[in-house]
Amino acid sequence: MKTNYKIIFLFIALLFGYLCAFGQSVLAVEKVSITVSNLDKSIDFYTQVLNFKKESVEKISGKKAQKLFGLSAENPTVQIATLKIGDEIIELMEFSNTPPNRPIPLDSKSNDLWFQHIAIVVDNMEVAYEKVKKAKVVHVSTSPQILPEYISAAAGIKAFYFQDPDGHNLELIYFPKNKGNDKWHQEKKIMVNNNPSNFLGIDHTAIGIADTDESYLFWRDILKLEVGGHSENYGPEQEHLNQIFGARLFITGLHTNEGFGIEFLDYIAPPGGRAYPADSQPTDLWHWHTTLKVDGLDELAKQLLDSGFQFISNGIVQLENSQKALMVRDPDGHAVLLLE
């Protein structure tokens, strides 16, 4: 029997391509990192007001900081505090020996494309709101809002937007029994100082985007996050939540097998959301980056470069414990740290 080597070769090539593509997917959404102006002040806010727990503080400096964050300063230093709430992690970053932090614009809105927030799940909105109100947080929402029945995907969810000391947007979110991840409805309580906490963990981080299909190229097609669902939110409750008159937005939820979700906030109305500043640096206070644990970083970097995406890092950076990292921007300018 004559062997058809062309067919065998084609089969092997296709199999190899499939395995490579499979190996280049995101394994987990590990954390978000936020640039702050005063690390101690921000740690106090997140731990005392929102019941985060400080896990550690580390320092990256010199050439490694230069390369990872794409900095031009001669000897930059960044102190990074790792905080945990439930199963989820955030980092707070304070830069030194660099140009001064540029503040978030005072007129910043959630349809501006630098917008990003984390949604902190609570088991009692009224109690959680009273605690942040007592801390005199800056309100974005007029008050907690209950999303109406006509928004079927989000009906009954309670939400409230506010700001941390540097003006970063945060959300409190409450899920009724028929909504959200099952983990948010478990009876087991998180204990803080021997008392049950109303703050349970982080459900997702949301980013302002210009076009859902364009964002799919980066997040779904290259990084292989899975699309979980959509919601079109509008009405007076949404206006009071975002403080944007006539707000109507198309929301897409994406996820991996581990970690919290990513949400696209694609504003149908009103038009005119401002672009992510082209000269942005990780030292700017509007900087957030989302860390994704990946496989096949070298090949992913090639795909992203070939697709025209902007690198923040000066190439792939070798970190401790044999880890490799690359910081890149998505189509709208949001920073993403790929970690292998």
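Refer to the structure presented above.
All chains use their own residue numbering, which begins from 1 and follows the written sequence. Side-chain atom pairs in this predicted model are given and counted only at pLDDT of 80 or more, local residue features only at pLDDT of at least 70, and totals for whole chains, interfaces and linings cover all residues. As a rule here, side-chain values come from all non-hydrogen atoms in the structure, and water together with hydrogens is ignored.

### Remarks on the side chain of asparagine 233
Secondary structure elements follow DSSP: runs of H or I of four or more residues count as helices, runs of E of two or more count as strands, with numbering from the N terminus. Looking at the element boundaries, asparagine 233 is found in strand β13 (residues 226-234). Taking relative accessible area as the criterion, asparagine 233 reaches 4% and is therefore assigned buried. At 2.6 Å, the side chain of asparagine 233 and the side chain of serine 231 are in polar contact. The contact rule is simple, with two residues in contact once any of their heavy atoms fall within 4.5 Å. The residues contacting asparagine 233, other than those within four sequence positions of it, are Leu147, Ile151, Ala154, Gln238, Ala247, Arg248, Leu249 and Ile251. Using a 1.4 Å probe on the protein chains alone, a residue whose accessible area is under 20% of its type maximum counts as buried, one over 50% counts as exposed, and one in between counts as partly exposed. Definition of a polar contact: a pair of N or O atoms within 3.5 Å, with one able to donate and the other able to accept a hydrogen when the atoms are protein atoms, and with sequence-neighbouring residues admitted only if both atoms are side-chain atoms.

### Regarding the packing of aromatic side chains
Only centres within 6.5 Å qualify two rings of Phe, Tyr or Trp (six-membered ring in Trp) as a pair; their planes then separate them into stacked at under 30 degrees, edge-to-face at over 60, and tilted for everything else. According to the stated counting rule, one finds nine aromatic pairs in the structure shown. Between phenylalanine 45 and tyrosine 46 the ring centres are 5.4 Å apart and the planes differ by 85 degrees, which places this aromatic pair in the edge-to-face class. With respect to burial, phenylalanine 45 and tyrosine 46 carry one shared label: buried. Ring centres of tyrosine 46 and phenylalanine 52 lie 5.5 Å apart, and the angle between their planes is 85 degrees; on these two criteria the pair is classed as edge-to-face. Exposure class is identical for tyrosine 46 and phenylalanine 52. Each is buried. Grouped by ring-pair contacts, the aromatic residues Phe45, Tyr46 and Phe52 constitute a single cluster. Over the aromatic face of tyrosine 216 sits the side chain of arginine 220, whose NZ or CZ is 4.1 Å from the ring centroid. When the NZ atom of lysine or the CZ atom of arginine is within 6 Å of a ring's centre and also within 35 degrees of its normal, the charge is said to sit over that ring. Residue placement shows arginine 248 over the ring face of tyrosine 234; its charged tip is 4.0 Å from the ring centre.

### Topic: helix α7 (residues 297-306)
The α-helix advances 3.6 residues per turn, and as a result positions three or four apart in sequence lie on the same side. Among all positions in α7, only Leu297, Leu300, Ala301 and Leu304 are buried. When α7 is viewed along its axis, its buried side chains cluster within an angular range of 100 degrees and face the same direction. In this fold, the buried residues of α7 make contact with α5 (212-222), β17 (288-294), β19 (324-329) and β20 (335-339). Glycine 308 occupies a position one or two residues after α7 and carries a positive phi of about 90 degrees. Taken from the helix axis, the directions to the C-beta atoms give the arc we talk about.

### Section: the side chain of serine 141
Structurally, the position occupied by serine 141 is in the loop between β6 (138-139) and β7 (145-146). Within the local environment of serine 141, its side chain forms a polar contact with the backbone nitrogen of tyrosine 161, the two atoms lying 2.8 Å apart. Setting aside its immediate chain neighbours within four residues, serine 141 contacts Phe160, Tyr161, His240, Leu241 and Gln243.

### A short note on unusual backbone geometry
With omega at -5 degrees, the peptide bond leading from alanine 269 into proline 270 counts as cis. With respect to the helices and strands, proline 270 occurs in the loop between β16 (261-269) and β17. A positive phi angle is found at lysine 136, which is not glycine, with a value near 60 degrees. In this structure, lysine 136 sits in the loop between α4 (125-134) and β6. If you check the backbone angles, serine 322 has positive phi at about 65 degrees while not being a glycine. Along the chain, serine 322 turns up in the loop between β18 (317-318) and β19.

### Points about the pairing of strand β1 (residues 26-35)
Burial analysis of β1 places eight of its ten residues in the buried class, the great majority of the element. DSSP-based pairing: two strands are paired if at least 2 bridges between them are found. Where β1 meets β17, seven bridges bridge the pair, whose relative direction is antiparallel. From the neighbouring strand, valine 32 faces β17, where its bridge partner is threonine 290. Where β1 meets strand β15 (residues 258-259), two bridges bridge the pair, whose relative direction is parallel. Considered in β15, the bridge of valine 29 is made with glycine 259.

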